[in-house]
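# Overview (structure and organization)
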Amino acid sequence: LLFAVFTMFLLVLISLVNTKSSQVNRDVQELKEMIKSLNGTYTFETAYPAKQKYMLISLLYSFSGRCPPDWDFFSGSCYFMSTASRPWHRAKDYCESKEAHLLVVNNANEQQYFSSILEPYHYWIGLSDTEEEMEWKWVDGTDYRTTPHFWDDGQPDNWNWGADHTEDCGSFHRYSYGRWNDDRCTTPYRFICEKET
Ligand SMILES: [Ca+2]
Ligand SMILES: [Ca+2]
Ligand SMILES: [Ca+2]
């Protein structure tokens, strides 16, 4: 008799577990459907698939105190993304006052990081050909010739704005996920400072 009762108990238990697991399966299915519909709705996240990952990484590092508050961490550098706009030279001065420099894009990873997280604005970077036309220089002395370039189509074009105002300062172009444009240095744009850790 004891054996029969035990078997009954076991059978009831198994059926309970089965019900529970099919409930879990249904929940998972529903979640999958939700994620699918979200992907369709939030085009911003679809356009910037890596943004959340980078934000999470940056958040983890900011807990370690490696970067100042309001600066993001990525691959050995802290970055400050301004929300205020300044002409290129004043942006450069601002970064230097924070013991940093305007962003220097050293490799494809760094470029990829910014094309994933940029808000839709122009941002000054630490590239200029003010001294000699088409002799591009990075603000920290990084060699322009031996590092990769990510100019937008048809750039740099040294566009003439009239009255001898041409384009000698490099920026992330808002229309093309951060590919580079040469622009007029006196125009106030947002900018990015970089500080190696
Ligand atoms: Ca860099
Ligand atoms: Ca130029
Ligand atoms: Ca241009």
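Within each chain, residues carry numbers counting from 1 in the order of the written sequence. Each chain takes a letter, starting from A, and each ligand takes a number, starting from 1, following the order in which they are written. Only residues with pLDDT of 70 or above have their local features reported here, since the model is predicted, and side-chain atom pairs are shown and tallied only from 80 upward, although totals for entire chains, interfaces and linings are computed over all residues.

- For the protein, an unreviewed UniProt entry supplies the name C-type lectin domain-containing protein and the organism Latimeria chalumnae.

### With respect to the overall build of the protein
- Counting secondary structure elements, the protein contains five helices and eight strands.
- From first element to last, N terminus to C terminus, the protein shows the α and β order α-α-α-β-β-α-β-α-β-β-β-β-β.
- Residues classed as buried in the protein amount to 24% of the 197 residues present.
- A separation threshold of at least 6 residues defines the contact pool for the protein, and within that pool the share at least 24 residues apart is 64%. Secondary structure elements follow DSSP: runs of H or I no shorter than four residues count as helices, runs of E no shorter than two count as strands, and numbering proceeds from the N terminus. Our exposure labels follow a C-beta count within 10 Å of each residue's own C-beta, placed from the backbone: buried means 20 or more other C-beta atoms, exposed means 12 or fewer, and partly exposed covers the counts in between. Contact criterion: two residues are in contact if their C-beta atoms, reconstructed from the backbone, are within 7 Å.

### Brief notes about the environment of L102
- As for its position among the elements, L102 is in strand β3 (residues 101-102).
- We classify L102 as buried; it has 27 C-beta atoms within 10 Å.
- Once the C-alpha coordinates of L102 and K92 are considered, the two residues, 10 residues apart in sequence, prove to be 5.7 Å apart.
- Filtering out sequence-adjacent residues up to four positions away, L102 remains in contact with A91, K92, C95, W124, I125, G126, V139, F191 and C193.

### Details of unusual backbone geometry
- The step from Q155 to P156 runs through a cis peptide bond, and the omega angle for that step is -5°.
- As for its position among the elements, P156 is in the loop between β5 (137-138) and β6 (169-172).
- Look at M134: it is not a glycine, yet its phi comes out positive at around 70°.
- For M134, a count of 9 C-beta atoms within 10 Å puts it in the exposed group.

### Here we look at the pairing of β6
- Neither face of β6 is left uncovered, since the one carrying C169 and S171 and the one carrying G170 and F172 both have all their residues buried.
- Note on pairing: DSSP must find at least two bridges between two strands before they are called paired. Note that strand β4 (residues 123-128) and β6 share three bridges and pair antiparallel. Of the residues in β6, the one forming a bridge with S128 is C169.
- Looking at chain direction, β6 and strand β7 (residues 180-183) are connected through four bridges and run antiparallel. Each bridged residue has a counterpart across the sheet, and for C169 the counterpart in β7 is D183.

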